[in-house]
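Summary of structural features
What follows is the residue order along each chain.
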Amino acid sequence: MRVAVPHSLDRAEVRRRLDTRRDDMTDFVPGGLAQIETSWQSDDRMLMIIRAMGQELTGHVDVEDTQVVFEIDLPPALSFVEPMISGTLEDKGRKLLS
């Protein structure tokens, strides 16, 4: 699943906001019962491990010049929740960067 969120910030500011607000990312998963671990693989890629609903998902966030791209590997068994999660990611991602 891939969700792009546009922004008008410089990359350093996007990274700062992702760092300082990473605890808010648990709200990205409906139900509020998620645990998310993050680490920076490079200056512009944050890795994520998401534990929710008895599942462990991996993903990453890429910081680009005009957008932040959230990519999460959903197993086929959870493909039915993709529309709900992608909508939440877009909405919460915008708020995270504002």
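A quick note: this is a predicted structure, and the numbers were derived from the prediction, not measured. (Residues numbered from 1 in each chain as written. Predicted model: local features only at pLDDT ≥ 70, side-chain atom pairs only at ≥ 80, totals over all residues. Heavy atoms only, no water.)

Before going further, it helps to examine the pairing of strand 3 (residues 45-52). Going residue by residue along strand 3, you find M46, M48, I50 and A52 tucked away on one face and R45, L47, I49 and R51 left uncovered on the opposite face. Looking at chain direction, strand 2 (residues 35-42) and strand 3 are connected through seven bridges and run antiparallel. Bridge pairing in strand 3 links S42 to R45. For strand 3 and strand 4 (residues 55-63), the ladder comprises eight bridges, and the chain directions are antiparallel. Considered in strand 4, the bridge of I50 is made with L57. (Buried < 20%, exposed > 50% of the residue type's maximum accessible area, 1.4 Å probe, protein only. Helix = DSSP H or I, 4+ residues; strand = E, 2+ residues; numbered from the N terminus. Pairing = 2+ DSSP bridges.)

Looking at the element boundaries, D62 is found in strand 4. On the basis of relative accessibility, which here comes to 14%, the residue D62 falls in the buried class. In this structure the side chain of D62 is engaged in a polar contact, spanning 2.6 Å, whose partner is the side chain of R45. Of the polar contacts made by the side chain of D62, one reaches the side chain of H60; its length is 3.4 Å. (Polar contact = N/O pair within 3.5 Å; in protein donor to acceptor, adjacent residues only side chain to side chain.)

Under the criterion given, the structure shown has twelve salt bridges. Across the pair E13 and R16 runs a salt bridge, and its minimum N-O distance is 2.6 Å. Separated by three residues within a single helix, E13 and R16 lie in helix 1 (residues 11-20), roughly one turn from each other. Taking the relative accessible area as the measure of exposure, R16 reaches 41% and is therefore partly exposed. Ionic pairing is found between D19 and R22, a salt bridge with its closest N-O pair at 3.8 Å. Here the salt bridges share partners, and the residues they tie into one network are R11, R15, D44 and D65. (Salt bridge = Lys/Arg side-chain N within 4 Å of Asp/Glu carboxyl O.)

That's the geometry; what it means functionally is another story.
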